[in-house]
Amino acid sequence: MEDAAPPRTPEREAFYEELAPRHMAPLWEVLRALITREPAGPCVPVIWHYDEVRPYLMRSGALITAKEAERRVLILENPALAGKAAATHTLYAGLQLILPGEVAPAHRHSQSALRFVLEGEGAYTAVDGERTYMSPGDFIITPSWTWHDHGNDSDRPMVWLDGLDIPLVSFFDASFMEPGNAETQLVTRPDGDALARYGSGLLPVDWKPAGKTSPVFSYPYARTREALEQMKRRQDWDACHGLKLRYIDPSTGESAMPTMSTFMQLLPHGFAGASYRSTDGAVYVCVEGRGETRIGDQSLAWGPRDVFVVPSWAKHSHRAAAESVLFSFSDRTVQEKLGLWREERAA
Ligand code: GTQ
């Protein structure tokens, strides 16, 4: 296949002009742009430093209540997708703020959401009748079409990173949403019930999955960190990823969420990772430590609570100036289910 489109001639141009009003177009004019030799998406690397973003988040807190906003969130937009509410082509990211005493009212939607807690302690998110109290580093799931509301009974602001599959669901034109008829949903199960029931290597004997999302919807940081801490004793580092774990649905071993994969990785002090790329663009958050991620000829220097994007198929490598922990999410699980996912390690 040639890399350039066939030349345009006056006859061809005239023909194209006749096609346009009939809602047809010549494939050979656009084929090379449609079916590229490798991923050629618009996304660019970008980082939001938490100390620069936080003042704006707090200003939003003075401008509008969580109740009026429904969700008081500053969307993190990829500069190449300005106005599209997207961090990558398929993923939405935002920083949500709930001030003491506030409630973000109950609603449900077909989009799945993940929360990654950045700041504060003791606010809750309620999912289908069960509240989860949040601490920094916790990963919490709001499965598709489950009722959820958030509240802050603590005396400090609470901030978390929202990750949603909004662009993906929009692409399928499959968005549904329903507001709740009460601000706060009824609590029907004790706090910690799901984790105890499904998250300890056991399942109720006659349990059948109710949906496609992990029945565990809260993955506390203390447990995740402990797993990394134990595993790092073996010094069994991956050249690209350090020590990288994926969050799973314990009943299937699959990704904890059907539309987003989630990961936590530990990079040892002084780690200089090998170059890597994969077809899933990812949103990262630094949980602990400091370091940089080199993407092409750019370097993104990160520290705690900084959020950054590694675009699809962009060669990148991580370096850690101190022992570091990175959380990330991507659309990898969707691509895997569709047989599209690819990765490449530096030779
Ligand atoms: O918390 O339900 O960042 O519905 C965007 C849409 C958060 C939420 C967002 C949402 C939510």
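Residues numbered from 1 in each chain as written. Predicted model: local features only at pLDDT ≥ 70, side-chain atom pairs only at ≥ 80, totals over all residues. Heavy atoms only, no water.

Applying the stated rule across the entire model yields 13 aromatic pairs. With centroids separated by 5.8 Å and ring planes inclined at 40°, the aromatic side chains of Phe 139 and Phe 327 adopt a geometry described as tilted. Of the two residues, Phe 139 is situated in strand 8 (residues 139–142) and Phe 327 in strand 21 (residues 324–330); the sequence distance between them amounts to 188 residues. Given a relative accessible area of 0%, Phe 139 falls into the buried group. A residue is classified by how much of its surface remains accessible, and Phe 327, at 0% relative accessible area, is buried. Relative to Tyr 247, the ring of Tyr 219 lies with its centre 5.4 Å away and its plane at 85°, an arrangement referred to as edge-to-face. Taken as a pair, Tyr 219 in strand 12 (residues 218–219) and Tyr 247 in the loop between strand 13 (243–246) and strand 14 (261–267) lie far apart in primary sequence, 28 residues in all. Considered together, Tyr 219 and Tyr 247 belong to a single accessibility category, that of buried residues. Joined through ring pairs, the aromatic side chains of Phe 116, Phe 139, Tyr 219, Tyr 247 and Phe 327 make up one cluster. (Phe/Tyr/Trp six-rings, centres within 6.5 Å; stacked < 30°, edge-to-face > 60°. Helix = DSSP H or I, 4+ residues; strand = E, 2+ residues; numbered from the N terminus. Buried < 20%, exposed > 50% of the residue type's maximum accessible area, 1.4 Å probe, protein only.)

To continue, consider the site of the ligand. Taken together, Arg 71, Val 73, Tyr 92, Gln 96, His 107, His 109, Arg 115, His 148, His 150, Asp 162 and Leu 164 form the complete shell of residues around the ligand. Residue His 109 places a side-chain N or O atom 2.9 Å away from an oxygen atom belonging to the ligand. At 2.8 Å, a side-chain N or O of Asp 162 approaches an oxygen atom of the ligand. Burial of the ligand by the surrounding chains reaches 89%, relative to a free accessible area of 290 Å². Of all the secondary-structure elements, those providing two or more residues to the shell around the ligand are strand 3 (92–98), strand 4 (103–109), strand 9 (148–152) and strand 10 (158–164). (Near = heavy atom within 4 Å. Polar contact = N/O pair within 3.5 Å; in protein donor to acceptor, adjacent residues only side chain to side chain. Areas by Shrake-Rupley, 256 points an atom, 1.4 Å probe, with all protein chains shown as cover.)

It is worth spelling out the sheet that holds strand 3 at this point. One open sheet holds the six strands; their spatial order is 2-3-10-5-8-12, and the pairing between them is antiparallel. At either margin of the open sheet sits one strand with a lone partner, and together these are strand 2 (73–75) and strand 12. Where strand 3 and strand 10 come together, seven bridges link them in antiparallel fashion. Looking at strand 10, one finds that Ala 93 is bridged to Gly 163. (Pairing = 2+ DSSP bridges.)

One pass over the full model with this rule turns up zero disulfides. Just so you know, Cys 286 is unpaired, no disulfide at all, and the nearest cysteine sulfur is the one on Cys 240, 19 Å from it. When its relative accessible area of 1% is taken as the criterion, Cys 286 is described as buried. (Disulfide = S-S within 2.5 Å.)

Turning to unusual backbone geometry, a few remarks are in order. For Ala 85, which is not glycine, the phi torsion reads 55° and is therefore positive. Within the secondary structure, Ala 85 sits in the loop between strand 2 and strand 3. The backbone of Arg 305 sits at a positive phi, close to 75°, despite the residue not being glycine. Within the element layout of this structure, Arg 305 appears in the loop between strand 18 (298–302) and strand 19 (307–310). Looking at Arg 305, the relative accessible area reads 32%, which means it is partly exposed.

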